[in-house]
Amino acid sequence: MRPSDEPALELPGLVRDRAAEGRAKAAHTRARNLAEAEIVDEDPVVGVVLDLTPAHLDREFDYAVPAAMSDGVRPGVRVKVRFAGQDVDGFVVRRGDSTSHDGALAPLRRLVSAEQVLTPAVRELCDAVAARYAGTAADVRRLAVPPRHAGVEKVPSAPEPALPAVGDLLTAWAPYPAAGAFWAHVAAGDGPRAVWAAGPGEDWPALLAAAAAHALVAGRGSILCLPDHRDVARVDSALTTLLGPDHHVTLHAEPGPARRYQDFLAVARGTRRIVVGTRSAAFAPVHDLGLVAIWDDGDELHAEPRAPYPHVRDVLALRSEREGAAYLLGSFGRSVEADQLLRRRWAHEIALPRETLRSRVLVGVSGASEHALRRDRFAHSARIPTEARDAVRWGLERGPVLVQTPRAGYALRLACERCREPARCSACTGPLSLTGPSTPPQCRWCATPEPDWSCPECGARGLRAPVLGDARTADELGRMFPKVPVVTSSRDRIRDRIDAASRIVVATPGAEPVAEGGFAVVVLLDTWLALAGDRLRQAEEAVRRWSNAVALVRPGGRALAVGDPGHPALQALVRWDPGGFAAREASERWEARLPPAARIATVSGAPGAVDDLLTLVDLPSSAEVLGPLPPAAPRGAGGPGADGGDVHRMLVRVPTADGQAMAEALQEALRLRSARRLDPVRLQVDPPQI
Ligand SMILES: [Zn+2]
Ligand SMILES: [Zn+2]
């Protein structure tokens, strides 16, 4: 046996085969290179926008179309191109036979996918949003088009089925006198615009679903943008009830990137024309777009946290103007921006008549004046007064009761019982809090327990708790109503729904569950806390949060706010007049020349870079440059060492009419800085908070 001979006998054959393979491969490669090098005769030029951040590269670049790729290269597809010696991703935005480039064009490197994911309408929208916010269109496109999943592209999208028989879709809108004309215009193919003041107790997901179905019956697609995935789930379910599961998709982060891309493709391919989603859904490439809608525009989740920080309300407004789609902004509260849309007569109001409002909910206020509250707000007896206790009891005889309390947790702040000095950690000076009824005081920053705390000012050992959370509130209510189940819903333990049984639900703002049939009573505790502070939107945000809670009441139910009956925010709630309150806020902003009466931009970065930019920029003559501002408040609790860094923040303010000119000037200045490779500065136009 000569094992080594065995393979040796085979060897010449193998060598021959490999050589032949190699020759075939080389021939194939040559042919491919030739085809790639060979530029197609018909429409050989494409304009490509690149996925590059520097502002001065934020424009179209021309490339030549190789014959081998010609079939798939259309506006909207992803390609790879050679740029400055590197392979760069981009989108084809134009194909034709002309170029302004002198000399030979480089060929496209690769057609990544033949899916048209960036439609011309969305591409132009991205440009308009970049111009509005003085950002780069590449950043906006990253918000608009989700990352590719090649496997998902191989699966065809299920075709849009025939519409099921639907009854009168607009019955639910009938109580709103102005709605009939609005929906008739949508059916006729027009682009009417409205601010919808939803009445308390309204099943708003059902009304939005009916609106999208109505548009689809007229052959028009819709985009419904909602603050979070819980809202998306509610509208998803309402649409499924109305049309079945196969006429809409949901676009949000929860289902994961592959599922998200699959749903996005169904929209891009035109087999689904109703999109329900969060922020990025505003850019969905819906075919035959006829309606864009935003729910609860005051919710901060509608403000994009990534550059250039666009707000859904504005993105959809631009989209409605550009594509002739109807615009609907709905909410229980009202933002000053929504008020502005009405004042400018850009939109009409859709609201309930006064008498209908009165029949839906009765809102009262229980409490002392602000002055008395300030004196005595630490007294527990005043926190849940007799009237509130009676209201809870009245509600429990009829169904579930919602108690809204501003903060999650047990006792969030502690102070000396005698001198009211805030209680602080001996290790790091952080604030002390209680996490439960039988735990010792603990530092909120470093978690050091302080079982033997005594006041460094006066020596007293007793503590009081000026700010109480939902857990402590549930304890108190449990003691008041020992036979009644008390549940909490906040932050990490959110309940989405509860049944119609009698119970008390203690929830923080935004975490309130929906009760089957609605809550019999809604009680708002610690309203002073929601109003405390000097943020620009403090009172507006308080009214929004209260209105959203009160709106969960069943028709004919009651609501009671514990607070200062003289405060205009609570008076607006009692009259259910968020529109009036927004108008009042807007006129105050007008006097103070704050947004939306003015448009502002904040510029932050290294002091030299900020000064340099502001010297360079060609602002309108009406512009004021103010600052430097204190560093932006850190998001979240903030703790020791919240890093301010050496960041300089300036503010540019112009009258609203010059807003676009300001944005364009800032955008141009950023381009110049980028081309000269100067230090970056962070620019934010119309920040939701200053
Ligand atoms: Zn003290
Ligand atoms: Zn500490």
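Residues numbered from 1 in each chain as written. Chains lettered and ligands numbered in written order. Predicted model: local features only at pLDDT ≥ 70, side-chain atom pairs only at ≥ 80, totals over all residues.

### Comments concerning the pairing of strand β1 (residues 45-50)
Line of reasoning, step 1. With five bridges joining them, β1 and strand β2 (residues 60-64) adopt antiparallel strand pairing. Residue pairing in the sheet places V45 in a bridge with A64 of β2.
Line of reasoning, step 2. As paired strands, β1 and strand β4 (residues 86-96) are joined by six bridges and run antiparallel to one another. Paired with G47 across the two strands is R94, which belongs to β4. (Pairing = 2+ DSSP bridges. Helix = DSSP H or I, 4+ residues; strand = E, 2+ residues; numbered from the N terminus.)

### Overview of the environment of P451
Line of reasoning, step 1. When you line up the elements, P451 lands in the loop between β17 (442-443) and β18 (463-468).
Line of reasoning, step 2. The spatial distance from the C-alpha of P451 to the C-alpha of E421 is 18 Å, given a sequence separation of 30 residues.

### Regarding helix α8 (residues 257-268)
Line of reasoning, step 1. End to end, α8 covers 16 Å across twelve residues, agreeing with the expected 16 Å (1.5 Å per residue, within 8%).
Line of reasoning, step 2. Its buried side turned inward, α8 meets α4 (150-153), β8 (248-251) and β9 (274-277).
Line of reasoning, step 3. Following α8 by one or two positions, G270 has its phi on the positive side, about 85 degrees. (Expected span 1.5 Å × (residues − 1). Contact = placed C-beta atoms within 7 Å.)

### Observations regarding the sheet that holds strand β21 (residues 504-507)
Line of reasoning, step 1. Read from one edge of the open sheet, six strands run β13-β24-β23-β14-β21-β19, paired in parallel fashion. If you trace the sheet from one side to the other, it starts and ends with β13 (361-366) and β19 (486-489), each paired once. Averaged over neighbouring strand pairs, the angle between their axes works out to 20 degrees when direction is ignored.
Line of reasoning, step 2. Relative to β21, strand β14 (residues 401-404) runs parallel, the two being bridged by four bridges. (Axes fitted to C-alpha atoms, helices over the stretch in contact; angles between N-to-C directions.)

### Brief notes about unusual backbone geometry
Leaving glycine out, the prevailing phi sign among residues is negative, and the prevailing peptide bond configuration is trans.
Line of reasoning, step 1. At the junction of A307 and P308, the peptide bond is cis and its omega measures out at 0 degrees in the coordinates.
Line of reasoning, step 2. Note on placement: P308 falls in the loop between β10 (289-295) and α9 (312-323).
Line of reasoning, step 3. The residue after P595, namely P596, is reached through a cis peptide bond having omega 5 degrees.
Line of reasoning, step 4. Phi at D288 is positive, roughly 50 degrees, even though this residue is not glycine.
Line of reasoning, step 5. Structurally, D288 can be placed in the loop between β9 and β10.

### Comments concerning the nonpolar core
Line of reasoning, step 1. Grouped together as the largest cluster of nonpolar side chains are 183 residues, with contacts concentrated most on A212, V275, V522 and V523.
Line of reasoning, step 2. When residues in this core are grouped by element, the largest group, ten residues, is from helix α6 (residues 204-217).
Line of reasoning, step 3. In this structure A212 touches S222, L224, L239, I274 and L291, once residues within four positions along its chain are discounted. (Core = buried A, V, L, I, M, F, W, Y, C linked by C-beta atoms within 7 Å. Buried ≥ 20, exposed ≤ 12 C-beta atoms within 10 Å, placed from the backbone.)

### Points about the sheet that holds strand β11 (residues 326-331)
Line of reasoning, step 1. On the basis of which strands lie adjacent, the open sheet formed by seven strands has the order β8-β9-β7-β10-β11-β6-β12 and parallel pairing. Each edge of the open sheet is held by one strand with a lone partner, namely β8 and β12 (348-350). Across the sheet, the axes of successive neighbouring strands diverge by a mean angle of 20 degrees, strand direction being ignored.
Line of reasoning, step 2. The pairing of strand β7 (residues 221-225) with β9 spans four bridges and is classified as parallel. Its bridge partner being in β9, L224 is matched across the sheet by V276.
Line of reasoning, step 3. Most of the contacts of α9 go to β10, to which it runs at about 165 degrees, and overall it touches β6 (193-197), β7, β10 and β11.

### Side note on the packing of helix α2 (residues 120-132) against helix α3 (residues 137-144)
Line of reasoning, step 1. Between α2 and α3, the least distance of the axes is 8 Å, while the angle of their chain directions is 130 degrees. With respect to α3, the axis of α2 lies oblique. Handedness of the crossing formed by α2 with α3: right-handed. On α3, the residues touching V122, C126, D127, V129 and A130 of α2 are A137, V140, R141 and A144.
Line of reasoning, step 2. Grouping the constituent residues of the contact of α2 with α3 by class yields seven nonpolar, no polar and two charged. (Parallel < 35°, antiparallel > 145°, perpendicular 65-115°, else oblique. Left-handed = near helix turned anticlockwise from the far one by under 90°. Nonpolar A, V, L, I, M, F, W, Y, C, P; charged D, E, K, R; others polar.)

Purely spatial values, then, with no claim about function.
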